[in-house]
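Spelled out from the first residue to the last, the chains are:
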Amino acid sequence: MSERDRDLIRLAQDPGFARWREQIAAIGGCEKPVYLTGASVTYRASTGEVISSYTTRGEPGERLPVRCRNRRASVCEPCSRLHAGDTFHLMRAGLSGGKSVPEAVRERPRLFVTLTAPSFGPVHRITQGGPCRPRRDGGICVHGLPLVCGLVHAEMDPLVGTPVCAACYDYAGHVLWHAHAGRLWDRFTTAVRRHLASAGGIARSRLGEHLIVSFAKVAEFQQRAAVHFHAVVRLDGPNGPASPPPDWAGAEELREAVEHAAASAFVTVPESDAYGTERCAWGDRLDIQVIRSFVEGDELSDDAVAGYVAKYVSKGAADTGAGLDYRVVRYADIQAAAVSDHVRALMGTCWRLGGLAELAPPRLRAWAHTLGYRGHILTKSRRYSTTYTALRGERATHHRANLGMPDYPDTTTESDFRFAGSGHTPGAAEIARGIAEDQALSRQLAREAWEDGG
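Our subject in this report is the structure included herewith. Nothing here was measured: the structure is a model prediction, and the numbers come from that model. (Residues numbered from 1 in each chain as written. Predicted model: local features only at pLDDT ≥ 70, side-chain atom pairs only at ≥ 80, totals over all residues. Heavy atoms only, no water.)

### Brief notes about the overall build of the protein chain
- Counting secondary structure elements, the protein chain contains eleven helices and eleven strands.
- Dimensions of the protein chain, computed from C-alpha atoms along their principal axes, come out at roughly 75 × 65 × 50 Å.
- Counting all 454 residues of the protein chain, 42% fall into the buried class.
- Of the contacts made within the protein chain by residues no fewer than 6 positions apart, 69% connect residues no fewer than 24 positions apart.
- Put simply, the protein chain shows about 23,700 Å² of open surface, and 51% of that area lies on carbon and sulfur atoms.
- A gap of 4 Å separates the mean positions of the 55 positive and 52 negative side-chain charges of the protein chain. (Helix = DSSP H or I, 4+ residues; strand = E, 2+ residues; numbered from the N terminus. Buried < 20%, exposed > 50% of the residue type's maximum accessible area, 1.4 Å probe, protein only. Contact = heavy atoms within 4.5 Å. Areas by Shrake-Rupley, 256 points an atom, 1.4 Å probe, with all protein chains shown as cover. Lys, Arg positive; Asp, Glu negative; His and termini not counted. Charge placed at Lys NZ, Arg CZ, Asp CG, Glu CD.)

Structure below.
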């Protein structure tokens, strides 16, 4: 009998099995739950009257499982699905309103912008039915290799995104661009605001008296293992989403500001004998699409943009073939990693450059698993829309209402919980997986029934 089967029998015979199964169902079948032990008391702040209390003493194993909340589907699919749903509502609220954001934001100037990394050397690519790199595009590199490729690559071809000549590829430039991409984004947003202030004849320090520029961006690894950004850019009035921008600030003015900022923003990396002088800027490929309030033909809709962003945030580095979902602690970990030679070279470059004193701040060795990129997958400006914390609080309130628990105002909760373990045993993992699949199927059927009824 396998270890899993023995564990399943043990769980089924445990007197607390029914309650444990309820707990796992309550957290959606989380694959990596965190267990806590302790107690909490909720009371009225004004009178001190105790409203409710809870302790883990009566729970199976005297502990309470809570969600791991990992956004990566490769780590925990149920939690990543929940995170993707929160991201969809967060993004959509900034586009269509809701969740404390007025619906009038649909009438604001809004752009969906894609910013890419520059070229670090020719790579194998997918073209529209033609050869990867025709002879007319090529030549001979300094290492004597022809920079041509007559193959028509398929989507899953492992060659796609890898250098035509690895010796020519600027691995140091690639890694340093990743390490400074966050600062480059900050320079970009500042440049957008400066250009709008100049266009309106306003001092930069007083732009906030006339309009607010809100951003929300998601980072995505391309096939060449370089990050590019998809961003929603929106113009509001001085009071944020509740007010319109001035008449002179429309979608065309915003487009011009974005184009100018993408062309002018840069970050200078400290000079070093190891790589010379590096100047990080955006690549030549810039895509700008206007998000319309009423969609026609191939135009972008609010839901399409929100859905795209939500779908990507659940992907980890390992899912995109551009790194690992865990940190490496020694160079030998890089050599043993199950990644392509191109990605291994980028991770190795992080490790090599991370030992330089002049590159201590980016902490390249600590971020070698993400190829030097250390930014968040999703970031937004404060006034763009709601927050993950607010969405989770709203979900918790809805859950309490479904359970018939009264929502008392003027209450304070004091908690004392301690970490008591994490993860599942083999049998518990099998049961949790079944619970997650059942809940996913129920949501799908409910969604299909709603669509049919609509």
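There's plenty left to go through after this.
### Quick notes on the pattern of salt bridges
- All told, the structure shown has 21 salt bridges when counted by the stated rule.
- A salt bridge links E77 to R81; the shortest N-O distance between them is 3.3 Å. Linking E77 with R81, this pair stays in helix α3 (residues 77–96), spanning four residues, or about one helical turn.
- Salt-bridge contacts for D86 lead to R395; the nearest nitrogen and oxygen are separated by 2.8 Å. Of this pair, D86 sits in helix α3 while R395 sits in helix α10 (residues 388–402); the two residues are 309 residues apart in sequence, bridging distant segments of the chain.
- Taking the relative accessible area as the measure of exposure, R395 reaches 30% and is therefore partly exposed.
- Residues joined in a network through salt bridges with shared partners are R4, D5, E430 and R433. (Salt bridge = Lys/Arg side-chain N within 4 Å of Asp/Glu carboxyl O.)

### Re the packing of aromatic side chains
- For the structure on display, the rule yields eleven aromatic pairs.
- Taking 6.5 Å as the distance between ring centres and 65 degrees as the angle between the ring planes, the aromatic pair formed by F188 and F215 counts as edge-to-face. In this pair, F188 sits in helix α5 (residues 181–199) while F215 sits in strand β5 (residues 212–221), placing the two residues 27 residues apart along the sequence.
- Centroid distance F229 to Y373: 6.2 Å. Interplanar angle 55 degrees. Geometry classified as tilted. Residue F229 is located in strand β6 (residues 227–236), and its partner Y373 is located in the loop between α9 (341–353) and β10 (378–380); the two are separated by 144 residues in the primary sequence.
- In this structure F229 comes out as buried when scored by relative accessible area, which is 1%.
- For Y373, a relative accessible area of 5% puts it in the buried group.
- Among the aromatic side chains, those forming a connected cluster through ring pairs are W177, W185, F188, F215, F229, W282 and Y373.
- It is K217 that lies over the ring of F229; its NZ or CZ is 4.5 Å from the centre.
- The positively charged end of R279 is found above the aromatic ring belonging to F266, 3.8 Å away from the centroid. (Phe/Tyr/Trp six-rings, centres within 6.5 Å; stacked < 30°, edge-to-face > 60°. Lys NZ or Arg CZ within 6 Å of the ring centre and 35° of its normal.)

### Focus on unusual backbone geometry
- Residue S100 is not a glycine yet carries a positive backbone phi of 80 degrees.
- By the element assignment, S100 lies in the loop between α3 and β4 (110–115).
- By relative accessible area, S100 is classed as exposed at 73%.
- Although it is not a glycine, R363 adopts a positive phi angle of roughly 50 degrees.
- Within the element layout of this structure, R363 appears in the loop between α9 and β10.

### A closer look at the sheet that holds strand β9 (residues 286–290)
- Reading across the sheet, the five strands line up as β9-β4-β6-β5-β10 and stay open at both edges, with antiparallel pairing between neighbours. Bordering the open sheet on either side are β9 and β10, each of which pairs with just one other strand. In this sheet, neighbouring strand axes are inclined to one another by 15 degrees on average, regardless of whether the strands run parallel or antiparallel.
- Here β5 runs beside β6; their pairing, made up of ten bridges, is antiparallel. The partner of V213 across the bridge, within β6, is L235. (Pairing = 2+ DSSP bridges. Axes fitted to C-alpha atoms, helices over the stretch in contact; angles between N-to-C directions.)

Such coordinate-based values are descriptive only and should not be taken to indicate function.
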